[in-house]
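What the coordinates show
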Amino acid sequence: MRLPCLLLLATLLATTLGACRIGGVEPLPISGVVPEVVAVWPVAIGAVPPESAVWFAGLSSALGRRGYRVLTSGITRELLGGSELALNATDTDIGRALRADALLRFEVREFEADGGTALQHAQWDLVWRLESTRGHGVQWSYHHHGSYQQTARGTYDPGRSLDAHHAPPEIVPIGGRGPRGFRDAAELLAQLHNSAMERLPKKKE
């Protein structure tokens, strides 16, 4: 009798685990035709100064890891520099000039960070939007707000929402590493960009 019970238990476990997503995050759906080439818009909307490289730290690399061909913010700025195209043209015109199927725009609704040799505190409200240059509108977006406090590193997770930081600390496996700190705002933003791009569906080959 014990063997059939063990087989039944194993089958139930396999079925349950197969239906669950183990680790990682669930990507948000993308609408319309999936783009091949994505240009990172060189201006962080709402940020001061809007063209500072710190706002784009790690963004192009995180996007490239999802399988898309990427025009970095620096390349996009260079291609559009010295022209009125970026100010007056439609996304379709810009896409034609860049030979890109979509623009990834980064909006900074709020971002505060302070610290000396290491980041002490940060708070943010950020939006990433993938906007088609082929007439499909906004194809994907992700909004995240949260905070970081160095003295509360045991409960920190940049993927959590602002109101989730009072939850019990996460369990760290034996031999594993606890939550990391950040040297500066650029390092934090790189982590936030990476977390956001994990929500973007991977480009199928």
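Everything below is about the structure shown above.
Residues numbered from 1 in each chain as written. Predicted model: local features only at pLDDT ≥ 70, side-chain atom pairs only at ≥ 80, totals over all residues. Heavy atoms only, no water.

**Notes on the environment of Gln 123**
By the element assignment, Gln 123 lies in strand β4 (residues 119-132). Spatially, the C-alpha atoms of Gln 123 and Gln 149 are 8.8 Å apart, while their sequence positions differ by 26 residues. When residues no more than four places from it in sequence are discounted, the contact partners of Gln 123 are Glu 110, Phe 111, Glu 112, Gly 146 and Ser 147. Among the polar contacts listed, one links the side chain of Gln 123 to the side chain of Glu 110, at a separation of 3.2 Å. (Helix = DSSP H or I, 4+ residues; strand = E, 2+ residues; numbered from the N terminus. Contact = heavy atoms within 4.5 Å. Polar contact = N/O pair within 3.5 Å; in protein donor to acceptor, adjacent residues only side chain to side chain.)

**Comments concerning the sheet that holds β4**
In any sheet, the strands associate via hydrogen bonds between backbone groups, in a parallel or an antiparallel arrangement. The mixed open sheet is built from five strands, whose spatial order is β2-β1-β3-β4-β5. With partners counted over all chains shown, the strands left at the sheet margins are β2 (69-71) and β5 (138-149), one partner each. For this sheet, the mean angle separating the axes of adjacent strands, direction not counted, is 20°. Across the sheet, helix α5 (residues 91-98) touches β1 (37-40), β2, β3 (102-115) and β4, and the angle it forms with β3 is around 95°. Taken strand by strand, helix α6 (residues 185-197) contacts β3, β4 and β5, and its axis lies near 40° from that of β4. (Pairing = 2+ DSSP bridges. Axes fitted to C-alpha atoms, helices over the stretch in contact; angles between N-to-C directions.)

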